[in-house]
Each structure stands twice: as C-alpha cells, then as structure tokens.
Amino acid sequence: MKANKEVTGNLYHPPKSIVRKANVKDYDSMYKRSVEDREGFWADEAKKLKWYKKWTQVLDDSNKPFYKWFTGGKINIVANAIDRHLETHRRNKVAMIWEGEPGDVKVMSYHALNREVSKFANVLKSMGVKKGEIVTIYMPQIPELPIAMLACAKIGAMHSVVYGGFSVEALAGRIADANSRVLITADGGWRRGKITDLKSIANEAMDRSPTIEVCITVKRTGQEVHMENDRDFWYHDLQSLPIASSKCKTEVMDAEDPLFILFTSGTTGKPKGLVHTHGGYSVYTSTTHRYVFDIKDEDRWWCAADPGWITGHSYLVYGPLINGSTIILYEGAPNHPYPNRWWSMIEKYGITILYTSPTAIRGLMRFGEQWPKRHDLSSLRLLGSVGEPINPEAWRWYHEVIGNSECPIMDTWWQTETGGMMIAPLPITPLKPGSATKPLFGVEVGIVDEDGKEVKPGEEGKLVIKAPWPGMARTVFGDPDRYVETYWKEYEKQGWYKAGDSARIDEDGYIWIIGRIDDVIKVSGYRLGTAEVESALVSHPDVSEAAAIALPHEVKGNAIHTYVILKAGVTGDKKLEEDLRKHVSEEMGPIARPDSVTFAESLPKTRSGKIMRRVLKARALGMDEGDLSTLED
Ligand code: WTA
C-alpha cells in the first residue's frame, strides 16, 4: 500500500491536482458570506436554476418554525433535472447508466430519459392522477424507479417511495397514511441471484388498502404474478398506448408546493412522512452536490444508495440530474456474483465519484484487498460516505485501497429531515478520518448542553442547527404538531432545530458525530426506530412486552438486540426465539430482523412505565448502569 505523502500530523491534505481545479477555492470567506448574508447567498445559488417566475422573497420566517423559501417563485424540479438540459449539449449526454444484477445494461441520454418520463407522466394523467395527490412507489433499483418519481413530479403529483426491502405491514401502513390511489411496483427484482417477490407483497398490502384503485407493474423478472382485473396494468402495455405521448407539459409549481413525502423512523410511534418541496429542495440538493463533490460535466457519478431512502432521492436522482451529471444505478448486491462487482463496475464505466455508506465499505473490506486490486480504479477522483459515523479503519481502507491514497473522502452528515448534506468537507478541506469536518454554506451548527450553552472543545453535546436552510423538511405530513414537538420544542426559546445526534467539536473546529441520542437505530445505515421493532414483537400472539436496543456491530454499525416478556403459560425456547426474529422480519422487512431475542421476567422501567433502554444497554455491554434512581424496582 502506498503511503499518502500529504499527511501532516493527523491531517490528510487533498492532492494538488484536485485543489487546482476545485469549484470552491476558499471555504472560509464563502462560508462567512453565506451566514452573514444568508438570503443573498441562497438567491445567488437559486439563480443558477430555471424558474418560470422569480421569487419575491428568499426566506419567509413569519410563521416559525414553518419556514418558507423562495416564496412567489414558480418552478418544477423536473424543469431543472431534465427540461433545461434538452436545450443544451446535454440533450445527448448520458443521463443514466443502469446495470441489473444479472448483467443487463441500459444507457439513457437526457433525451431518452425525457421521453420515458413524459410518456409515463401522460400515463399517470390518463389514470386520473392529479396535482397534489400522493402516488406510492414500491420498486427494486431499476430505471423505472427514478422515471416514476420524475413523472410524478413533472405533473405536480407527490411521490412516496417505500423502500423495496420493506414488507407488507410497512407498505400497507404507508399507503394508508398517504391515502394513495395509485401504486407503482414491479413483478420482482434481482438480489444475490434470487428474485425478490415484490408483487406478492404489493398484492397483500393492497388487500389491506381500500384507497388503491390502480396498480402499475413493471415487468422486470418475468416471473408469474397475480394481476387483478380492472386494477392491475403492466407498465410496458401502458407505455405503448397512444395516450403515452412523449410530449407532456411540465406543470408549473409554486416553490413551496410539496414534491414528495418520505417516511422515516423517529423516537416514538409510527414512522413519519417528511415533506420536501419543489423550490428549496431543488436549490439545496444541487448546490450541495455541486460544491461537496466538485461536480464537473465529464463526471460519472455513482451514489450506491437505494432510491427508497433520502440519500437516493437527493443524490442519486434529483441533485445530480439537476447538475446534468451522468448517474449510475445498480440493481443488486455489492458482492454478487463475487466481491469485485462494484470495483468491476467502476472500471467498466469509468466512474469518477463513488458515494456510499460505511457499512458497505466495511462489508467489502472483509473480503480483502485482492478484489479491488484486480481492477483499474484510477478513474476515481473523489469518494463519499454517508449514513453513520465512519470508523477510521474503514476510512483509511477506503482512501488507501479504493482511492489509491489519492481520493479525498467526503464524509457527509445529514438527515432525511435536512434534505441534503449539512456538515461535510469540500475537496479542498484537509481531512481527519472519522470527522465530517465543518458546516456547509449557510449552515450554522451548535453543539450544546441541555440549556443551550455551547460545550467546550472535546466535550460531548447535542447537535443543533441554528438557522433555517432551503432543503429543510417543511413539516410532518398530516401532523404539523409532531413536527414542532420532535424538532423545535426542546430549543424553542432559541429557535433551533434539534438533530437528535450527539457530537463533539475539536480544537480545530472539526465536528465529530457520535451518534443518535434518541431511540433511533442505524443498522447498516438504515434508519429504524426501537418503537417499531417493539411493536412488531408485541404483535406476536405469545409476546406481552418487548424492548429493543442497539449494540455495536462490526459490519452493520449497530445490531438490534431485543428483550421479550412472554404471555403467561408460554415458555421461551430456541424455536420461539427464531419465530420471533422471523416475525419481525415479516412485519417490517429483513433489515429489522433482530440479532438476538432474550426472554426476560421483567424489564427495567421508570416509575411512569417507560422502558429504560439505557439500563439494558449498559448491562449488555457490562458497563456501569448509571443513575438508577428513577428505576421502578
Ligand atoms: C446518521 C441519512 C455520522 C445520523 C442521510 C443522522 C451520520 C442519521 C452521518 C440520519 C455521518 C448520517 N456521520 N452519522 N456522515 N450521516 N448519519 O435520515 O445519526 O437515514 O441523524 O439520513 O444518520 O439518517 P437518515
């Protein structure tokens, strides 16, 4: 392994070749301007997009915390992600390269993408889809997924993408919350050489969803599936009807009109649907993508996240397409058929930037250097990380083995709620492995104690955002009180957004994210709530009470460990343990499958009946249980 010649102390300096060509040359002065003249800064960024009508006000904070951005402005994210490129050389540029797991490939120019999206937008219209209605999308990672998202946005409908790994319960619940009339799915997808059974899950979910009138299914695998008369249609049949004309007007939207909802797990109860808009979200995702990843026209950009999560929405689909990039989409597992799958794709397509999660890196690292070493990865210029803290060991492997000790690692901290990256380096920033470095433009962060006082360097505190930004979620769908309660209540006096993470800042002003301080668990970068796992367990006929906690896991970051009190007369054995794990997996999806189930006589609770998960965690780790004064008995 080549040692990086540019390491001084604990700082990794970016190669001169990157600094010389970087889009941003001076972070400090640009940052200063962005917070001193917030509105001016964002107005300048917004001007880079196509607006049907310019905004009258950049930031409207008359009804805090329900901030509005670019009010009075008229825009559509698709006008920026597709339409405007058709008038330039980008018309013939590759918009998307897709590789299916079995090896099939599709390449689409912006012209071709526009055709598919326009045709499908017309199909949706013919099905009666109206502006403002929410279409649920439940699909594998195939081109029709971004196409469906873009088609909805084009005609002013909102989408709600449900991750293709979720099960019946989760899908049915989200369809009900969104009141969806239309569901878009596929007959299946490929994962580790096997076919996933999306359509059967969709069918079961629809049996429980009285709102669904129409289901459109993409034929991906060709396996036999059940199609209901009058409800089910094949995507390819519809796309070949005369109604599916390739001419479709992009709907003119208000900047604040909602673009999508995306469900994410929180501390309590059911997952909540965060709402993002056409205007602010377009500006924020494209600006952050362009600066953090130093986007050039010739880049080939691979965000390896699933489009079903916020990373996929913001940086697989919208941000990069607005910036006119060539995006890569891959359907299957990173190690199928061999652990070199990703590395061979980088070589084959000449990918210049890879954006993925620490969990994926750790997973591939396990197979050893020989797999990436078989490939020419010299096209790579930058690497990115997102979703959880990256441990220095994985950071170094990523940098040295994948990045040939050259590629800087952009460790980006953000959330479904923030819409885009908030704390991240630029390609010119000297790096420290494990630190997301500094706030991005217009982002003011604080690391504070309970009273809102800044903690000292090196001390742990709560991460807050002190001023609004254009990409922020506008509300929780259908539940504005919950939006206020969850994010704005704790620091109401100061008007700060509570991120739910703890962090520290070092003497150089570098930020180190420690992890969630609430009951949200990050398993393989996926966001789950302990409350959801617990309610899945309690829905089993043998279970009376349950608690779920996260414990460290070498590859997944966290593993789910559960404690269960059984109903009277039921005895816990190996078989029941296995049944319960399977039950959670069926209720929520395989990612939520607990790593362990422990049968217990009682659970540590406060006198008001709240489970003290921290006590369970301390016990499991053999650590000090801390203050037990509120423990019931
Ligand atoms: C965690 C994902 C450390 C964090 C975009 C946050 C991170 C949660 C990082 C949001 C990072 C995300 N370093 N932790 N670079 N990025 N997180 O909504 O706990 O799925 O609150 O959004 O992921 O998860 P979400």
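Residues numbered from 1 in each chain as written. Predicted model: local features only at pLDDT ≥ 70, side-chain atom pairs only at ≥ 80, totals over all residues. Heavy atoms only, no water.

Asker: So what's going on with empty space enclosed by the protein? Residues and values would help.
Answerer: According to the stated counting rule, one finds 5 cavities of 30 Å³ or more in the structure shown. Reported here for the largest cavity is a volume of approximately 50 Å³. Lining the largest cavity are Val161, Val162, Tyr163, Phe166, Arg174, Leu262, Phe263, Gly308 and Trp309. (1 Å grid on protein atoms, 1.4 Å probe; cavity = no way out; pocket = protein on both sides within 12 Å on 5 of 7 lines; lining within 4 Å. Points joined across faces, edges and corners; volume = space filled by probe spheres on them.)

Asker: Before we move on, can you summarise the site of the ligand with the specific residues and values?
Answerer: The full set close to the ligand counts 17 residues, and Thr412, Thr416, Asp501, Arg516 and Arg527 are the nearest of them. Arg527 places a side-chain nitrogen or oxygen 2.6 Å from an oxygen atom of the ligand. Going through the elements one at a time, helix H11 (310-322), strand S22 (409-412) and strand S26 (511-516) are the ones with two or more residues in the shell around the ligand. Its residues assigned to classes, the shell around the ligand shows 6 nonpolar, 5 polar and 6 charged. (Near = heavy atom within 4 Å. Polar contact = N/O pair within 3.5 Å; in protein donor to acceptor, adjacent residues only side chain to side chain. Helix = DSSP H or I, 4+ residues; strand = E, 2+ residues; numbered from the N terminus. Nonpolar A, V, L, I, M, F, W, Y, C, P; charged D, E, K, R; others polar.)

Asker: Can you break down the pattern of salt bridges residue by residue, with the values?
Answerer: Applying the stated rule across the entire model yields 48 salt bridges. One salt bridge connects Arg220 with Asp104, and the closest N-O pair in it is separated by 2.8 Å. Of this pair, Arg220 sits in the loop between strand S13 (214-218) and strand S14 (232-234) while Asp104 sits in the loop between strand S6 (94-99) and strand S7 (105-109), placing them 116 residues apart in sequence. For Asp232, the salt bridge goes to Lys199, with nearest N and O atoms at 3.0 Å. Placement of the pair is Asp232 in strand S14 and Lys199 in helix H8 (residues 198-207), with a sequence separation of 33 residues. (Salt bridge = Lys/Arg side-chain N within 4 Å of Asp/Glu carboxyl O.)

Asker: Describe the pairing of strand S28 (residues 526-529), and please don't skip the residues or the numbers.
Answerer: Bridge count for strand S27 (residues 520-523) against S28 is 4 bridges, and the pairing is antiparallel. Note that in S28 the partner of Ile521 across the bridge is Leu528. Here S27 folds back onto S28, and the loop between the two strands holds 2 residues, one of which, Ser524, carries a positive phi near 50 degrees. (Pairing = 2+ DSSP bridges.)

Asker: Kindly report on the sheet that holds strand S8 (residues 134-137), identifying the contributing residues and their values.
Answerer: Read from one edge of the open sheet, 7 strands run S14-S13-S10-S8-S9-S16-S17, paired in mixed fashion. With one partner strand each, in any of the chains shown, S14 and strand S17 (272-277) form the two edges of the open sheet. Pairs of neighbouring strands in the sheet enclose a mean axial angle of 25 degrees, with direction left out of account. (Axes fitted to C-alpha atoms, helices over the stretch in contact; angles between N-to-C directions.)

Asker: So what about the sheet that holds strand S18 (residues 300-303)? Which residues, and what values?
Answerer: Taken in spatial order, the 7 strands of this open sheet run S7-S6-S19-S18-S20-S21-S22, and their pairing is mixed. Each edge of the sheet is formed by a strand with only one pairing partner; in this case those strands are S7 and S22. Neighbour-to-neighbour, the strand axes of the sheet open up by a mean angle of 15 degrees, direction not taken into account. Across 4 bridges, the pairing between strand S21 (residues 382-386) and S22 is parallel. Of the residues in S22, the one forming a bridge with Ser385 is Asp411. Across the sheet, helix H5 (residues 110-126) touches S6 and S7, and the angle it forms with S7 is around 95 degrees. (Contact = heavy atoms within 4.5 Å.)

Read these as geometric descriptors, not functional statements.
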